[in-house]
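This is what each chain is made of:
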Amino acid sequence: MPRPSMYSHGVRADRLRGHLDGLLLAVLADGPGHGYELGQRLTRGSGGELDVPEGSLYPALHRLERGGFVASAWSSGAGRRRRIYRMTSAGRRAAQASRREWRVFSAAVDRVLG
Amino acid sequence: MNAKTVDQYLTELSAALHARGAARRRFLRECGDHLADAAAERGEEHAVRAFGPPSEIAAEFDAEVAARRGLRSTLATLAGVLATAGSTLVLIHASSPGASAPAAWAITFFVAAQVAAVTAALALVQALVLRRSTMPAAEVLLLSRRNGCALMAAGMTMVSAGAALPGRGSAVLILAGPALVGVALVAVLRARSLARRLDGSGALAARPPLEDLRRLTRLPVPSLDAGRLLLVTTFVAAAAAFVRDRGERAAVSEALVTAGIEAAAVIGCFLLLGRALGVWHR
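Residues numbered from 1 in each chain as written. Chains lettered and ligands numbered in written order. Predicted model: local features only at pLDDT ≥ 70, side-chain atom pairs only at ≥ 80, totals over all residues. Heavy atoms only, no water.

Student: Honestly, the packing of aromatic side chains in this entry has me stumped. Any pointers?
Tutor: The relation between two aromatic rings is expressed through the spacing of the ring centres and the mutual angle of the planes. Evaluation of the coordinates by the stated rule reveals five aromatic pairs over all chains. A ring pair is formed by Trp102(A) and Phe105(A), whose centres lie 5.5 Å apart and whose planes are at 45°; its orientation type is tilted. Taken together, the residues Trp102(A) and Phe105(A), both in helix H5 (residues 89-113) and three residues apart, mark about one turn of the helix. Since its relative accessible area comes to 43%, Trp102(A) is described here as partly exposed. For Phe105(A), a relative accessible area of 44% puts it in the partly exposed group. Aromatic pair Phe27(B) and Phe61(B): ring centres 3.9 Å apart, planes at 5°, arrangement stacked. Highlighted residues: Phe27(B) in helix H2 (residues 22-42) and Phe61(B) in helix H4 (residues 54-93), separated in sequence by 34 residues. Side by side, Phe27(B) and Phe61(B) carry an identical accessibility label, which is buried. In this structure an aromatic cluster arises from ring pairing among Tyr58(A), Tyr9(B) and Phe51(B). One cation-aromatic arrangement involves Arg29(B) over Trp74(A); the distance from NZ or CZ to the ring centre is 5.2 Å. (Phe/Tyr/Trp six-rings, centres within 6.5 Å; stacked < 30°, edge-to-face > 60°. Helix = DSSP H or I, 4+ residues; strand = E, 2+ residues; numbered from the N terminus. Buried < 20%, exposed > 50% of the residue type's maximum accessible area, 1.4 Å probe, protein only. Lys NZ or Arg CZ within 6 Å of the ring centre and 35° of its normal.)

Quick look at the structure:
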């Protein structure tokens, strides 16, 4: 589908909003990381197709932490302090459930769209 | 978006945030770290543009802080209501031997106790259902109304017990409930204050309690419209009041009066508080 130039960021961000938590859990499955690093993994993993505003990662990470899916702590390294996020066991279960739900959802949409 | 420096962006983001306190400081610190990394890699202009409009990012974070405060204030409310129940029991056991409560205070006590228990349960079920998901500001406001109502009713339970049955008891035990209610009220007001700034609609959210119960327990809880819910609740409450009075050896006529008062109280509270507490809507 051609990418509309004027609204491209907003439309893609809106489509992603409901899936951002699942996507973050998926990239966290590769190992702990700080927000910027997780955003980079998301971009790399999608081949640059997922155009989520990077600032939205933090409310989502805080929400996942509230739900007990991730834990975080300040960590010092290379002369800087960073907040490192890691997945909990509840997060691992939620990531698997999210994958299953997405497969069912995308298969259903595929069937309708053809 | 005009070209901005990272510092200008962070100033705008900070100004757009309503949330205050440790969560805000942590968020701004994380955003600053992120933007510094991105600017070093891709340049300031690109880093700032990719981060998103400050007003939208601030609104997303404020909503998350409001949700967190709503959940925490529900736990505080639960502790306050339980502690008040304990303090009230201490008060009742400390009353003068043979003291009997005037009917008006006794009715106030029983109605307030039931309102406290029901509204605290409504808030708890709502909080458990939403504990892991996004929570719009209108939902946080509803949660705050339920928590606030539970705390006020718990306070009224204790006041009516103290007014009806004067006596002496341990000050620490008696004051523990009101102290925790005070702490919980502050938490509820903080959550409500932030949510009110985020929710411009002012519309009352409706949240049928049986649907929440079904989501939480995954049991086949039936769906009832507001009228049927009122009918079933009134019948069950009146029947329980009748059985309790008969169990205490009251005459059938006395137990029927108690059941009638209970039914009137349930209907009155449902009509008076039900819409504000999201149990029914127009």
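Student: Any chance you could explain the interface of chain A and chain B here in plain terms?
Tutor: A common way to report how large an interface is uses the accessible area buried once the components associate. Contact residues are listed per partner, giving 27 residues for chain A and 26 residues for chain B. When chain A packs against chain B, the two sides together hide about 2500 Å² of surface, and 48% of this comes from carbon and sulfur. One can count six salt bridges joining chain A with chain B. A salt bridge links Glu65(A) to Arg26(B), with the shortest nitrogen-to-oxygen separation between them at 2.7 Å. At the junction of chain A with chain B, the criterion picks out 22 residue pairs in polar contact (both at pLDDT 80 or more). Mapped onto the side of chain A that touches chain B, the elements with two or more residues apiece are helix H3 (35-45), helix H4 (57-66), strand S2 (70-77) and strand S3 (80-87) of chain A. Looking at which element gives the most residues to the side of chain A that touches chain B, the answer is H4(A), with seven residues. In the side of chain A that touches chain B, the residues fall into 10 nonpolar, eight polar and nine charged. (Contact = heavy atoms within 4.5 Å. Buried area = accessible area lost by both parts, 1.4 Å probe. Salt bridge = Lys/Arg side-chain N within 4 Å of Asp/Glu carboxyl O. Polar contact = N/O pair within 3.5 Å; in protein donor to acceptor, adjacent residues only side chain to side chain. Nonpolar A, V, L, I, M, F, W, Y, C, P; charged D, E, K, R; others polar.)

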